[in-house]
Amino acid sequence: MADINGRRVLELVKKTGNSVCADCNCQVTEYASYNIGVFLCTQCAGIHRALGTHISKIKHLRLDKWEESQVKHLEEVGNIVAKRKYEERVPVCYRRPSENDPQILREQWIRAKYQREEFIHAEKQRYTRGTMEGFLFKRSKVDDSCKQRRFVLSERENTLKYYVSNKKEPKAEIRILDMNVAFAPEKLKPPTSLQITYINQGSTRHIYVYHDDAEVIVEWYMAIRSAKLNLLQVAHPTQPEMELAQSLTQDFLKEGFLCKTGPKPSDGFKRRWFTLDGRKLMYHDQKLDPYPKGEIFIGHLSDGYSIHTGQPAGWKLKDVGFIFHVKTPSRSFVFSAERSDDRNEWIAALQMVISRPMSPQDSFCRSILVPKASKKRNSFLF
């Protein structure tokens, strides 16, 4: 009977919806939660085990023995039916994690689905209320120290503010529509952290925050996304909701050290930390600098932007690493990577950006960065 039940389970995996993980859409399922009735990848199964058997009971599809009642429940439910129940009211603003997303996001998604049942009972979604207030640890601008700061999110005011001690006036007031939030970039510790990037007096400013509780930091992240979506819907009423949701927050397409020259072939290479944030290619002295030294807007290929291996025609730089350059309407920017695979990854990421159509938010970013770059053209920082 055990062998028969085992074969029945393996046949169930072949059914539509069961061959991919119910929680992250990984293409390989090795486990099942037999009381919930879903098929899972190895990593998501590990998170289910951490929930406790009172919530999710896990077995390996091939290595464990299966009882008749367990198989029958899997037959009755399966991934498609379970998703209809546990994901019935997932708000559009909520970031559904994939297998490649940070572990914290996947863990909190699973806890929200099965432990807290947030998507069955919408009233439990505190992050969709348009306001949030609480304390986060914020990294100092001048050193590695972190101090608690009170943060206040207000969709009505289109602001995220933070306060020092008991002062009545905020230390900073950030427009929600002007900011991006990257969830736990690899350079940040701990993994329960956010990098908030926004325009401040015509330049980009970075704020690094974290919270010890994973649920809290994810709530802040989703609250910002929810507020931004609602504000974008007011600003762009004819744009489909799902399209707006794609521009709420973006993890950085790529980060890492590169060397770059100035605007002339005679300028030497200098090592900088680069961050590709949407269409902004920013470079910094160090990974956690509060401000970039410079920002390059990466527009659409139809506007004269292109990416090339090697150096621009007429340049005769010494071979320093693996060179590539970005051509913009105003000038060419020349970079050097330490490895050929790193150069290829940068070229692929930049190529993806210039091939993507411009959004209204991209046009706003261009209106700020391009005029600023023009003013600095004769004294460009590098």
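Residues numbered from 1 in each chain as written. Predicted model: local features only at pLDDT ≥ 70, side-chain atom pairs only at ≥ 80, totals over all residues. Heavy atoms only, no water.

### What about the overall build of the chain?
Applied cut-off: Here a strand is any run of E in DSSP of at least two residues, a helix any run of H or I of at least four, and the numbering for each starts at the N terminus. Any residue under 20% of the maximum accessible area for its type is buried, any over 50% is exposed, and the rest in between are partly exposed; the area is computed with a 1.4 Å probe on protein chains only. Note on definitions: a residue-residue contact is assigned when non-hydrogen atoms from the two residues lie within 4.5 Å. For accessible areas, the Shrake-Rupley method is used with a probe of radius 1.4 Å. Any residue's cover is judged against the shown protein chains and nothing else. By the counting scheme adopted, Arg and Lys are positive, Glu and Asp are negative, and His together with the chain ends is not counted. A single reference atom marks each charge: NZ on Lys, CZ on Arg, CG on Asp, CD on Glu.
Counting its secondary structure elements, the chain contains 9 helices and 17 strands. With the C-alpha coordinates aligned to their principal axes, the bounding extent of the chain is approximately 80 × 55 × 45 Å. Scored against the burial criterion, the 382 residues of the chain give a buried share of 53%. Restricting the contact set of the chain to residue pairs at least 6 apart, pairs at least 24 apart contribute 53%. For the chain, the accessible surface area stands at approximately 18600 Å², while carbon and sulfur atoms represent 49% of it. Here the chain contributes 62 positive and 46 negative side-chain charges, whose respective centroids are spaced 6 Å apart.

### A word on the UniProt feature "domain: Arf-GAP" (unreviewed entry) in the chain
Defined as follows: UniProt positions are given in the numbering used here, feature names are shortened, and annotations may be inferred rather than shown by experiment.
The UniProt feature table records "domain: Arf-GAP" (unreviewed entry) at residues 7-127. Secondary structure over residues 7-127 splits into 40% helix and 7% strand, and the C-alpha atoms at its two ends are 43 Å apart.

### Let's talk about the pairing of strand β13 (residues 280-284)
Side-chain direction in a regular strand flips from residue to residue, so the side chains alternate between the two faces of the sheet. This is how the line gets drawn: The criterion for strand pairing is that DSSP finds at least two bridges linking the strands in question.
Counting buried residues in β13 gives 5 out of 5 residues, a clear majority hidden from the surface. Alternating positions in β13 separate into two faces, Lys280, Met282 and His284 on one and Leu281 and Tyr283 on the other, with burial throughout. As paired elements, strand β12 (residues 270-277) and β13 share 5 bridges and run antiparallel to each other. In the sheet register, phenylalanine 274 faces β13, and the bridge partner there is tyrosine 283. Taking the residues that link successive antiparallel strands as the turn, the β12-β13 hairpin has 2 residues, and the phi of glycine 278 there is positive, at about 65°. Pairing analysis gives 4 bridges linking β13 to strand β14 (residues 294-297), with the strands arranged antiparallel. For leucine 281, the partnering residue across the bridge sits in β14 and is isoleucine 296.

### Points about the pattern of salt bridges
When charged atoms on two side chains of opposite charge get close, those side chains can pair. In plain terms, the rule: Basic side-chain nitrogens of Lys or Arg form a salt bridge, by our definition, when they fall within 4 Å of a carboxyl oxygen of Asp or Glu.
Applying the stated criterion across every chain yields a total of 28 salt bridges. Notably, a salt bridge pairs lysine 113 with aspartate 23, separated by 2.7 Å at the nearest N-O pair. Separated by 90 residues along the polypeptide, lysine 113 in helix α5 (residues 103-115) and aspartate 23 in the loop between α1 (2-13) and β1 (31-33) bring together distant segments of the chain. One exposure class covers both lysine 113 and aspartate 23, and it is buried. Put simply, Asp23, Lys83, Glu87, Arg96 and Lys113 are held in one network by salt bridges that share partners.

### As for the sheet that holds strand β6 (residues 159-163)
Sheets are built from strands paired through backbone hydrogen bonds, the pairs being either parallel or antiparallel. Put simply, the rule is: Here, axes are lines fitted to C-alpha atoms. For helices the fit covers the stretch in contact, and angles between N-to-C directions go from 0 to 180 degrees.
Across the sheet, which stays open at both edges, the 7 strands sit in the order β7-β6-β5-β4-β10-β9-β8 with antiparallel pairing between neighbours. Either end of the sheet is taken by a strand with one partner, and the two such strands are β7 (172-175) and β8 (179-183). Taking each pair of neighbouring strands and ignoring which way they run, the sheet shows an average axis angle of 35°. The pairing of strand β4 (residues 131-139) with strand β10 (residues 203-210) spans 2 bridges and is antiparallel. The residue of β10 that forms the bridge with phenylalanine 137 is tyrosine 210.

### Describing the sheet that holds β14
Read from one edge of the open sheet, 7 strands run β14-β13-β12-β11-β17-β16-β15, paired in antiparallel fashion. Each having just a single partner strand, β14 and β15 (306-309) make up the two edges of the open sheet. Here the strands of the sheet are splayed against their neighbours by 35° on average, with no regard to which way each runs. Across the sheet, helix α8 (residues 340-355) touches β11 (254-260), β12, β13, β15, β16 (322-327) and β17 (332-337), and the angle it forms with β11 is around 110°.

### Concerning the environment of methionine 282
Summarising the element assignment, methionine 282 is placed in strand β13. Using a relative accessible area of 0% as the deciding quantity, one classes methionine 282 as buried. It is 8.8 Å that separates the C-alpha atoms of methionine 282 and threonine 204, two residues lying 78 residues apart in sequence. Every residue in contact with methionine 282, bar those within four places of it in the chain, is listed here: Thr204, His206, Trp273, Phe274, Thr275, Asp277, Pro292, Gly294 and Glu295.

### Looking at the UniProt feature "domain: PH" (unreviewed entry) in the chain
If you check UniProt for "domain: PH" (unreviewed entry), the listed places come out as residues 129-229 and 251-355 in our numbering. Within the segment residues 129-229, helix and strand shares are 16% and 48% respectively, and the terminal C-alpha atoms sit 12 Å apart.

### A closer look at the packing of helix α2 (residues 42-51) against α5
Each pair of packed helices gets described by two things: the angle between the helix axes and the distance between those axes. For clarity, the cut-off: Roughly parallel means an angle under 35 degrees; roughly antiparallel, over 145; roughly perpendicular, 65 to 115; everything else is oblique. A crossing counts as left-handed when the near helix is turned anticlockwise from the far one by less than a right angle, and as right-handed when that turn is clockwise.
Their axes nearest at 10 Å, the elements α2 and α5 cross at an angle of 55°. What the angle tells us is that α2 and α5 run oblique. Crossing hand, α2 versus α5: right-handed. Where α2 abuts α5, its residues Gln43, Cys44, Ile47, His48, Ala50 and Leu51 lie against Gln103, Arg106, Glu107, Ile110, Arg111 and Tyr114.

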